[in-house]
Structures are given as structure tokens and as C-alpha cells.
Amino acid sequence: MKPTKMLSLLIVLTPIALAQGLYAPEPPANSSFVRIIDAVLASSPIAVKLDGKPWIAALTAQGIVPYEVLKAGNHNFEMQNGANKTSVTLSAKAGKFYTLAIVGASNNLSVKTFNDKKITNKVKAQLLAYNFSNNTLSIKTNDGTDVFKDLKQNSSQDILVNPVSITFDAYANNQKNSSFKLRLQSTQSYSFVAFQVGDKTKVVAVNSTTTPIKK
């Protein structure tokens with residue numbers, strides 16, 4: 001194929017590919033939003049079923065999936081790691097966001113449910129913090145200002161902040177653990193998540209995204 005023809009194909013196909021994301025449909029009015037975090041210590045991949053049907057084939061240790069759009073109502077989630085499994089029923093409300101964290105040990109799974117706040121302020125960014133480590137978790141700005149302080153195991157906090165570019169420092173038991181340079185944007189949500197990995201605390205920062213609905 002000549003280069004000019006290849007270029008013409010790229011010009012035609014690229015807008016189509018972009019439009020699939022650009023014009024993705026809005027979630028229905030009765031939608032709720034649910035994500036899963038695998039916080040099990042030394043876990044092999046965990047399979048997740050939703051209402052009896054396969055949903056996530058293999059969620060790896062420290063895995064964080066985006067929020068998925070679900071119809072409001074009661075939903076059963078079953079998590080299985082080999083012969084070990086646990087389940088939880090979530091009464092999901094329309095317009096609400098939830099995080100289901102799989103915690104415990106590989107042979108003793110359990111689920112912690114978090115009711116995440118929906119960001120409604122159009123000029124603020126949202127920060128969330130979840131601690132699944134054995135240590136307390138604190139998040140500070142790089143000038144030492146507290147954002148989240150002494151967050152205990154299996155708990156969460158949230159806060160609205162101004163949309164700025166800034167560096168955050170994470171502390172485990174008041175010892176500096178890691179740093180994150182983020183460019184916060186209004187109406188966007190960002191999550192700090194602390195995991196226990198062996199005898200160490202691992203902190204990650206992720207953009208709290210929602211999987212688009214497919215047409």
C-alpha cells in the first residue's frame with residue numbers, strides 16, 4: 001500500500017475510534033457505581049462473580065478495578081481464591097458509589113464495604129484514602145500540611161480540595177513511605193490506597209475512573 005493511501009485510511013479511521021469514547025452513552029438514571037479492590041495479603045488471583053455470573057476472571061493482589069455501572073438494587077458478589085471464597089450482598093442505591101475491598105488472608109477472605117461520596121462540587125477535586133496495611137496511614141502535602149492523618153486499618157476518608165498540581169507524601173506509622181506528584185482537576189476523584197505487602201506498606205495513587213457504558 002502506498003504511503004498516501006495509508007495516511008488516508010488513518011485520517012478516516014481515527015475519528016471513528018475517538019467517537020466511540022467521545023459519544024459513549026450516559027449511565028441510566030437508576031445506576032449505581034461499584035469497584036473492587038483486592039487487599040488480601042499474598043493473594044493469588046481472585047475470581048469475582050456478580051449475581052451468580054462471572055464478572056472478573058482474575059483480580060490480582062493490590063488490584064484496583066474502575067467503578068462499574070450497575071442497576072440500583074440488591075446485588076450479590078462472590079469472591080473465590082481456589083477453594084476459599086466469601087460473598088457479600090450490596091443494596092446499591094441510585095447515584096451512589098461503592099468500593100468493595102477484599103481483605104484478610106487467602107484462606108480467610110472477607111469483604112469490607114465503603115460508601116464512597118459522589119463529587120458534586122464543580123470547582124473542586126476529590127481525594128479519597130483507604131488503608132489496608134497494618135500501619136496507620138497519613139497523607140501530607142510536600143510542605144507538611146496534613147490531608148489525611150492516622151488513618152487506621154480497613155478504614156477510609158475523603159476530602160475536597162482545589163484543582164492544583166501538587167506533590168503528596170504518604171506516611172506509614174509517621175515514617176515517610178512514598179511521594180506522588182499529581183495534577184488535580186476539578187470534578188475528578190483520586191484515591192490513595194495502602195496495602196500490606198509482606199512486612200512492608202505499599203501505597204499507590206490512582207485516578208478513580210468509571211468504565212464507560214458500551215452501546
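Keep in mind that what you see is a predicted model, and the values were worked out from it rather than measured.

Trainee: Let's hear about the sheet that holds strand S7 (residues 97–105): which residues, and what values?
Mentor: Taken in spatial order, the 4 strands line up as S4-S1-S7-S8 in an open sheet, and their pairing is mixed. The open sheet terminates on both sides in strands that have one partner only, identified here as strand S4 (68–71) and strand S8 (108–116). Here the strands of the sheet are splayed against their neighbours by 30 degrees on average, with no regard to which way each runs. Note that strand S1 (residues 31–38) and S4 share 4 bridges and pair antiparallel.

Trainee: Describe the layout of surface pockets, naming the residues involved and giving the relevant values.
Mentor: There is about 760 Å³ of room inside the largest pocket. Considering the residues around the largest pocket, the lining is formed by 33 residues, among which Pro-27, Phe-33, Phe-97, Thr-209 and Thr-210 are closest to the centre. Going through the elements one at a time, helix H1 (3–22), S1 and strand S9 (125–132) are the ones with two or more residues in the lining of the largest pocket. In terms of residue class, the lining of the largest pocket is built from 14 nonpolar, 14 polar and 5 charged.

Reading the values: rules and limits
Residues numbered from 1 in each chain as written. Predicted model: local features only at pLDDT ≥ 70, side-chain atom pairs only at ≥ 80, totals over all residues. Heavy atoms only, no water. Pairing = 2+ DSSP bridges. Helix = DSSP H or I, 4+ residues; strand = E, 2+ residues; numbered from the N terminus. Axes fitted to C-alpha atoms, helices over the stretch in contact; angles between N-to-C directions. 1 Å grid on protein atoms, 1.4 Å probe; cavity = no way out; pocket = protein on both sides within 12 Å on 5 of 7 lines; lining within 4 Å. Points joined across faces, edges and corners; volume = space filled by probe spheres on them. Nonpolar A, V, L, I, M, F, W, Y, C, P; charged D, E, K, R; others polar.

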